[in-house]
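Summary of structural features
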Amino acid sequence: MAISIINDWQKYFHHPDEGLGSSYERIILNGLLAEVISEHGIKSILETPSFGFTGLSGINLVQAALDGVSITLEDDDAHRLEQIRALWQDLNLPLKSKLNPGFRHLDYPGKSFDMAFNFSALWFVENLRGFLEELARVSSKLIFISVPNRSGIGYKGQLKGYSKEAYPQLKPEYIDPASVIHILKAKGWKLLRKGFFDCPLWPDIGMSKEDFLMQYCMICKVLGKCKVPIRKTDKAPVCIMDYYKGNDADFPNRMLRYNALERFAPNAFKRYWAHHYYLIFCPGDNA
């Protein structure tokens, strides 16, 4: 998903077509979360901020909620939070939510949640150190943080058009894994697990696959020279919401058709191809 989502996130609530890339990403993330939740007995999760570089806002933890985990979610945009609440209500799922401009403080007692979760959203907090220290305070078992893979071949394309003046709310320097590890280690949390994920058959191009082929594929360029017309094909919307509503049971299987690299590619390859990188922390002896 490209930087444009900062300005056009609303469109997904009106027409929830997330495309193949985000849909695949959601199934892979659901599997990773389910594994962690089961292994560590997670019963409650705080997601903050809930808005990251993804399609339909606020649904990262819907599968966890369907599996019985208590979910609390924070956002800094009142209108987006209202839309998220309506979406969860439409799914008939319980959700605790809160407006939190700047995410300077998390208004909960210490160790209120088994796990804190952040997906591609660290770069929206006002102060990285203060925010991570708050996550450490309110979490009792795990802190799960995912950041875009900055070494991936598509990362720079995600930030095409970025400048501090145009997007003052975005701080790319905050998604540095080494900084996150350093800050949480100082608060007594140790790195339990890390790795690349969301590694489909396509690069992290930040656009529809049709647009990618139109603009970058060498075959398309050759066809263009031959004056063969290239038309964008009509396609049905792709979104996980029908699956969550119980109307598309085969959705995960369709997405997992593209997971050959996810399953078999070595980390040396994933380092440059995977779209995301995750860090999972647990309390150390001094936490």
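Throughout, a residue's number is its position along its own chain's written sequence, starting from 1. Reporting of local features is limited, given that this is a predicted model, to residues whose pLDDT is at least 70; pairs of side-chain atoms are given and counted only at 80 or more, and all residues count toward the totals for whole chains, interfaces and linings. Each side-chain value is worked out from all heavy atoms of the structure, with water and hydrogens disregarded.

Counting from the N terminus, the helices are DSSP H or I runs at least four residues long and the strands are E runs at least two residues long. A count of helical and extended segments in the protein gives 14 helices and seven strands. Relative to its full complement of 287 residues, the protein shows a buried share of 52%. Working rule for contacts: check all heavy atoms of both residues, and any pair within 4.5 Å makes them a contact. Put simply, 82% of the contacts in the protein that link residues at least 6 apart link residues at least 24 apart. Counting every atom, the protein has about 13,800 Å² of accessible surface; 53% of that belongs to carbon and sulfur. The classification of residues rests on relative accessible area computed with a 1.4 Å probe and restricted to protein chains. Under 20% of the type maximum is buried, over 50% is exposed, and intermediate values are partly exposed. Each accessible area is a Shrake-Rupley estimate made with a 1.4 Å probe; only the visible protein chains count as cover when residues are assessed.

The next subject is the sheet that holds strand β1 (residues 44-47). With mixed pairing, seven strands are arranged side by side in an open sheet as β3-β2-β1-β4-β5-β7-β6. Strands at the two margins of the open sheet, each flanked by one partner only, are β3 (96-99) and β6 (189-197). When the angles between neighbouring strand axes are averaged without regard to direction, this sheet yields 15°. Sheet strands touched by helix α6 (residues 128-138): β1, β4 (113-119), β5 (139-148) and β6. Its angle to β5, the strand with the most contacts, is close to 145°. Between any two strands, pairing holds if DSSP finds at least two bridges. Axis lines are fitted to C-alpha atoms, over the contacting stretch for helices. Their N-to-C directions set the angle, which ranges from 0 to 180 degrees.

It is the contact of α6 with helix α8 (residues 177-186), at a shortest axis distance of 9 Å, that shows an interaxial angle of 55°. Taken together, the axes of α6 and α8 lie oblique to each other. Handedness of the α6/α8 crossing: right-handed. Residues L128, R129, L132 and A136 of α6 pack against S179, V180, H182, I183 and L184 of α8. Its residues placed into classes, the contact of α6 with α8 shows six nonpolar, two polar and one charged. An angle counts as roughly parallel when it lies under 35 degrees, as roughly antiparallel when it exceeds 145, as roughly perpendicular when it falls between 65 and 115, and as oblique in every other case. Each crossing is labelled by how the near helix is turned from the far one, with a counterclockwise turn of less than a right angle marking it left-handed and a clockwise turn marking it right-handed. In this classification, Asp, Glu, Lys and Arg are treated as charged, Ala, Val, Leu, Ile, Met, Phe, Trp, Tyr, Cys and Pro as nonpolar, and every other residue, Gly included, as polar.

When strand β2 (residues 70-75) meets β3, the two strands line up parallel, connected through four bridges. Across the sheet, the residue bridging to L73 is S97, located in β3.

Note that predicted coordinates carrying low pLDDT should not be read in detail. The predictor's confidence in any single residue is recorded as pLDDT, a number from 0 to 100. On average, residues of the protein score 90 in pLDDT, and 89% of them are at 70 or above. Counting contacts from residues 216-220, a segment whose pLDDT is below 50, to residues more than four positions away or on other chains yields six contacts.

Working definition: an aromatic ring pair is given by the centre-to-centre distance plus the angle between the planes. Stacked, edge-to-face and tilted labels apply to pairs of Phe, Tyr and Trp rings (six-membered ring for Trp) whose centres lie within 6.5 Å, assigned for plane angles under 30 degrees, over 60, and everything in between, in that order. Taken as a whole, this structure holds 16 aromatic pairs when the rule is applied. Relative to W123, the ring of F53 has its centre 4.6 Å away and its plane inclined at 45°; by these criteria the two rings are tilted. Highlighted residues: F53 in the loop between β1 and α4 (62-66) and W123 in the loop between β4 and α6, separated in sequence by 70 residues. The interplanar angle of 65° and the centroid separation of 5.9 Å between the aromatic rings of F197 and Y278 together place this pair among those described as edge-to-face. Residue F197 is located in strand β6, and its partner Y278 is located in strand β7 (residues 276-283); the two are separated by 81 residues in the primary sequence. Residue classification places F197 among the buried positions, given a relative accessible area of 3%. Overall, Y278 belongs to the buried group, its relative accessible area being 7%. One aromatic cluster is present, built from ring pairs that chain together F117, F119, F144, F197 and Y278. The ring centre of W9 lies 4.9 Å from the NZ or CZ of R80, which sits over that ring. Criterion for a charge above a ring: Lys NZ or Arg CZ within 6 Å of the ring centre, and within 35 degrees of the ring normal. Over the face of the ring belonging to F51 we find R80, whose NZ or CZ atom lies 3.9 Å from the ring centre.

As a further point, take the nonpolar core. For the purposes of this section, nonpolar cores are sets of buried Ala, Val, Leu, Ile, Met, Phe, Trp, Tyr and Cys residues that join through side-chain atoms within 4.5 Å. In terms of nonpolar packing, the biggest core is built from 86 residues, with I45 and L132 touching the most fellow members. Residue contributions to this core peak at eight residues, all from helix α3 (residues 19-40). Excluding its chain neighbours within four sequence positions, the residues that come into contact with L132 are L122, I145, V180, I183 and L184.

Moving on, we get to α6. If you check which residues of α6 are buried, you get L128, F131, L132, E134, L135, A136 and V138. Those residues of α6 that are buried are in contact with β1, β4, β5, α8 and β6. In protein, a polar contact means a hydrogen-donor-capable atom and an acceptor-capable atom, both N or O and within 3.5 Å, with residues adjacent in sequence counting only if both atoms are side-chain atoms; elsewhere, any N or O pair within 3.5 Å suffices. Capping of α6 at its N-terminal end is provided by N127; its side-chain oxygen lies 3.3 Å from the backbone amide nitrogen of R129.

On to unusual backbone geometry, then. Where the residue is not glycine, phi is negative for most of them; where a peptide bond is considered, it is trans in most cases. Put simply, T48 and P49 share a cis peptide bond, and its omega is -20°. Turning to its location among the elements, P49 is positioned in the loop between β1 and α4. In this structure, F103 is a non-glycine residue whose phi angle is positive, near 55°. Among the structural elements, F103 can be located in the loop between β3 and β4. Positioned with a positive phi, D198 is a non-glycine residue whose angle comes to about 60°.

This paragraph deals with the side chain of D198. With respect to the helices, strands and loops of the structure, D198 is situated in the loop between β6 and α9 (209-216). Polar contacts involving the side chain of D198 include one to the side chain of H276, which spans 3.0 Å. The residues contacting D198, other than those within four sequence positions of it, are Y24, E25, I28, E262, A274, H275 and H276.

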